[in-house]
Amino acid sequence: MNPIPQDKQQALVDRLTQACGASYSPEVRRRYFITGPQWAAAYEGHALFHAPTRSPITLEKVIEEYGKIGIPYWCTHDTDVIPTDDLFTPKQDEIVGRIKTSLAKNGLKCSMVTTETFHHAVWAASAAAESQDVREYAARRVANTVAIGHELGAQYAVYWPGSLGYYVQGAIDETQTLRWFADGINAACEADIEIAKKHNRPTLKHALEAKPFEPQAEILLPTSDAMLAFIFSGLLKHPDMVGLNPEYLHELMWGAAPRASLARALLCKKLFHFDINDGYRLKHDVDIAVGLVNPLDWLNVLVLLRTYNYNGPFNLDYKPPRTTSNYGVFSVSFPTAVDRFITLWEMAGDVISDPIIKEATDALKSGGAGADQKNVKSIVEANKELLSLHELIAHRIFQILIGAHRGRKYSV
Ligand code: GCO
Ligand code: MN
Ligand code: MN
């Protein structure tokens, strides 16, 4: 094998990406409510045990490349684009101005803004820390993010309270910390009501995001279900403004069926926003791109969301692997993630309209004939043969996933 010269490597990656085929045009991609985070494209490959493998890129570059791919919406943490020390200063306005120009130039819209409350030293004891100074600063920060959101035309604000928890038990009172956290969300909603009035815009949808394991050792709101309980706890002044931003992998991480988590959020009318990615159960937050680990599960998730007309954003919250280059982030990572999502979304439509699945599902709902309701044995007998349809439906969904429903099989 001949080593590949460095100046020929991008061309090779491009040729093989092209050879994969089955990609969608930017126009087609723009029909979906797909959002691209600043932090995902700008992720440099660093982690606790990992040095960066990619070089820094500007917000202008991210927005421009998303535009070329056909990702119609962009979202950001406040400090992804505005250094912490520049917040609340004229530099902030200057940067927000640059974002506006860049979005307009590349035909993108800002969908969502989120406050970084996990990275900076000020959040060492979380945004709901004992210190009133920290909590007041947190309230100013979320209000500032809401203001930036309105300025940029966003519809959503997301909160990932990753540092709401502890390493050692006993030092904090969980009930008190959760009350303080509620004060922060209340401050964001109250600020939103005022700012929205000034801008003559609807208020934002405020979406809480749970992650079970990191970065604290113990997390106070580890799952979407915990957050539902929090929303309905009576601590929030505007519970109608607050919902969820579940992340596929965060539900999978603790061992849940993400589809069932989403179903519970849908039932409560709290599925506002959805972070899409992939990974493994009971591992750390590997943030792999959608469909690369669990495509069958993903197909089923999208069947649920299509069935119940979810119309919020699908946010590409994943981390391009450290082995992908700066060039690869936009030539391979993002376009292929978007295309897998679109394919799975359209396949979910195939599942919903599949005549075999439809007939089997209807038959199951009709139930078997002739049961004597007072006789348990008779109820079992009446439904016994029908129930084999459960497994047949699962097989049919697999067939749709791999194209076997269109006659794909191997000649052996
Ligand atoms: C993660 C989290 C974050 C949040 C983001 C939004 O995987 O670490 O999901 O990426 O989505 O902080 O607030
Ligand atoms: Mn996320
Ligand atoms: Mn994650």
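## Some words on the coordination of the manganese ion (ligand 2)
- The coordination sphere of the manganese ion (ligand 2), as far as protein atoms go, consists of Glu-209 (OE), Glu-247 (OE), Asp-275 (OD) and Asp-317 (OD), spread over 2.0 to 2.1 Å.
- Coordination at the manganese ion (ligand 2) is octahedral: its six donor atoms span angles of 70 to 164° at the metal.
- Linear spacing of the donor residues for the manganese ion (ligand 2) on their chain is E-x37-E-x27-D-x41-D.
- The metal-metal distance between the manganese ion (ligand 2) and the manganese ion (ligand 3) is 4.6 Å, with Glu-247 coordinating both. Highlighted residues: Glu-209 in the loop between strand 6 (205-208) and strand 7 (218-219) and Asp-275 in strand 9 (residues 274-275), separated in sequence by 66 residues. For the pair shown, Glu-209 and Asp-275 are each scored as buried.

## Digging into the site of ligand 1
- Lining the immediate environment of ligand 1, one finds 14 residues, of which His-77, Glu-209, Glu-247, Asp-285 and Asp-317 sit closest.
- With respect to ligand 1, the side chain of Glu-209 contributes an N or O atom lying 2.4 Å from an oxygen atom.
- Between ligand 1 and His-250 there is a distance of 3.2 Å, counted from an oxygen atom to a side-chain nitrogen or oxygen.
- Classifying every residue of the shell around ligand 1 gives four nonpolar, three polar and seven charged.

## Remarks on the domain arrangement of the protein chain
- Domain parsing of the protein chain yields domain 1 (28-327) and domain 2 (355-406).
- A straight line from the C-alpha centre of domain 1 to that of domain 2 covers 40 Å.

## A look at the coordination of the manganese ion (ligand 3)
- Distances from the manganese ion (ligand 3) to its protein donors, Glu-247 (OE), His-250 (NE2), Asp-285 (OD), Asp-285 (OD) and Asp-287 (OD), fall at 2.0 to 2.5 Å.
- Considering all six donor atoms around the manganese ion (ligand 3), angles at the metal cover 55 to 157° and the coordination shape is irregular.
- One chain supplies every donor for the manganese ion (ligand 3), spaced along it as E-x2-H-x34-D-x1-D.
- On the accessibility criterion, Asp-285 (10% relative accessible area) is buried.

## Notes on the pairing of strand 1 (residues 34-37)
- Burial along strand 1 is two-sided: the face carrying Ile-34 and Gly-36 and the face carrying Thr-35 and Pro-37 are both buried.
- As defined by bridge partners, strand 1 adjoins strand 10 (residues 314-315) across two bridges and the pair is classed as parallel. The partner of Thr-35 across the bridge, within strand 10, is Asn-315.
- When strand 1 meets strand 2 (residues 73-77), the two strands line up parallel, connected through three bridges.

## Looking at the layout of surface pockets
- Its boundaries defined by the atoms lining it, the second largest pocket holds a volume of some 660 Å³.
- Along its surface, the second largest pocket is lined by 23 residues, and Thr-17, Ser-23, Arg-29, Pro-335 and Asp-339 are the ones closest to its centre.
- Put simply, the parts of the chain that give the lining of the second largest pocket at least two residues each are helix 1 (9-20), helix 2 (26-29), helix 4 (59-69) and helix 13 (326-353).
- By residue number, the principal contributor to the lining of the second largest pocket is helix 13, which donates nine residues.

## A look at the packing of helix 6 (residues 90-106) against helix 7 (residues 132-152)
- The N-to-C vectors of helix 6 and helix 7 enclose an angle of 35°; their axes lie 10 Å apart at closest approach. Here helix 6 and helix 7 pass one another in a crossing that is right-handed. Of helix 7, the residues touching helix 6 (which contributes Gln-92, Val-96, Ile-99 and Lys-100) are Asn-144, Ile-148, Glu-151 and Leu-152.
- Along the lines of polarity and charge, the residues of the contact of helix 6 with helix 7 split into four nonpolar, two polar and two charged.

## Describing the sheet that holds strand 9
- Read across the sheet, eight strands follow the order 8-6-4-3-2-1-10-9 without closing on themselves; strand pairing throughout is parallel. Edge strands, defined here as strands with exactly one partner in the open sheet, are strand 8 (242-244) and strand 9.
- The sheet contact formed by strand 4 (residues 156-159) and strand 6 spans four bridges and is parallel. Residue pairing across strands places Ala-157 opposite His-206, the latter belonging to strand 6.
- Sheet contacts for helix 9 (residues 224-231): strand 6 and strand 8; angle to strand 8, the most-contacted strand, approximately 170°.

## Focus: the pattern of salt bridges
- In this structure the tally under the stated criterion is 19 salt bridges.
- Across the salt bridge formed by Asp-285 and Lys-211, the nearest N and O atoms sit 2.6 Å from each other. With Asp-285 in the loop between strand 9 and helix 12 (295-307) and Lys-211 in the loop between strand 6 and strand 7, the pair connects residues that are 74 residues apart, well separated along the chain. Each member of the pair, Asp-285 as well as Lys-211, carries the same accessibility label: buried.
- Between Asp-362 and Lys-358 there is a salt bridge; the shortest N-O distance is 3.3 Å. With a gap of four residues between them, Asp-362 and Lys-358 both fall in helix 14 (residues 355-366), about one helical turn apart.

## Here's the deal with a nonpolar patch on the surface
- A contiguous nonpolar patch, built from Phe-213, Trp-254 and Leu-282 and spanning about 290 Å² of accessible area, is present on the exposed surface.
- Position of Trp-254 relative to the elements: it lies in the loop between helix 10 (248-253) and helix 11 (258-267).
- For Trp-254, a relative accessible area of 31% gives the class partly exposed.

## What to know about unusual backbone geometry
- Residue Pro-215 is bonded to the preceding Glu-214 through a cis peptide linkage, with omega at -5°.
- Mapped onto the fold, Pro-215 is located in the loop between strand 6 and strand 7.
- Positive phi outside glycine occurs at Ser-126, with the angle close to 80°.
- Residue placement: Ser-126 occurs in the loop between strand 3 (109-114) and helix 7.
- Unlike most non-glycine residues, Leu-282 shows phi in positive territory, near 55°.
- For Leu-282, a relative accessible area of 61% translates into the label exposed.

Rules of the game
All chains use their own residue numbering, which begins from 1 and follows the written sequence. Whichever chain is written first is A, and whichever ligand is written first is 1; the rest continue in order. Per-residue local features of the predicted model are confined to residues with pLDDT of at least 70, and side-chain atom pairs are confined, for both listing and counting, to 80 or more; whole-chain, interface and lining totals are unaffected and use all residues. Hydrogens and water are ignored here; the side-chain numbers use all heavy atoms of the structure. With water omitted from the atoms examined, metal sites may look incomplete; donors here are N, O and S atoms no farther than 2.8 Å from the metal, or 3.2 Å in the case of Na, K and Ca. A four-donor site is called tetrahedral if each angle lies between 85 and 135 degrees; a four-donor site is square planar, and a six-donor site octahedral, when trans pairs exceed 155 degrees and the remaining angles lie between 65 and 115; all other cases are labelled irregular. Runs of H or I in DSSP of at least four residues are treated as helices and runs of E of at least two as strands, each being numbered from the N terminus. A 1.4 Å probe rolled over the protein chains alone gives each residue an accessible area, and that area as a share of the maximum for its type sets the label: buried under 20%, exposed over 50%, partly exposed in between. Proximity is defined per residue: if any heavy atom of the residue lies within 4 Å of a molecule or strand, that residue is considered near it. In protein, a polar contact means a hydrogen-donor-capable atom and an acceptor-capable atom, both N or O and within 3.5 Å, with residues adjacent in sequence counting only if both atoms are side-chain atoms; elsewhere, any N or O pair within 3.5 Å suffices. Polar here means any residue other than Ala, Val, Leu, Ile, Met, Phe, Trp, Tyr, Cys and Pro, which are nonpolar, and Asp, Glu, Lys and Arg, which are charged; Gly is therefore polar. An automatic or database domain assignment provides the domain bounds reported here. We call two strands paired when DSSP finds no fewer than two bridges between them. Any residue with an atom within 4 Å of a point lines the site, the site being either a cavity, points on a 1 Å grid over the protein atoms alone where a 1.4 Å probe fits but cannot get out, or a pocket, an open set with protein on both sides within 12 Å along at least 5 of 7 lines. Grid points are joined across faces, edges and corners, and a volume is the space filled by probe spheres set on the points. The angle between two axes is taken between their N-to-C directions and runs from 0 to 180 degrees, where each axis is a line fitted to C-alpha atoms and a helix contributes only its stretch in contact. Should the near helix be turned anticlockwise from the far one by less than a right angle, the crossing is termed left-handed; should it be turned clockwise, right-handed. Contact definition: two residues touch when any of their heavy atoms are within 4.5 Å. In the sections that follow, a salt bridge refers to a side-chain nitrogen of Lys or Arg positioned within 4 Å of a carboxyl oxygen of Asp or Glu. Residues qualify for a patch when their relative accessible area is over 30% and they have no salt bridge, like charges being joined within 9 Å and the nonpolar side chains of Val, Leu, Ile, Met, Phe, Trp and Tyr within 5 Å. Accessible surface area values rest on a Shrake-Rupley calculation with a 1.4 Å probe, where residue burial reflects the displayed protein chains alone.

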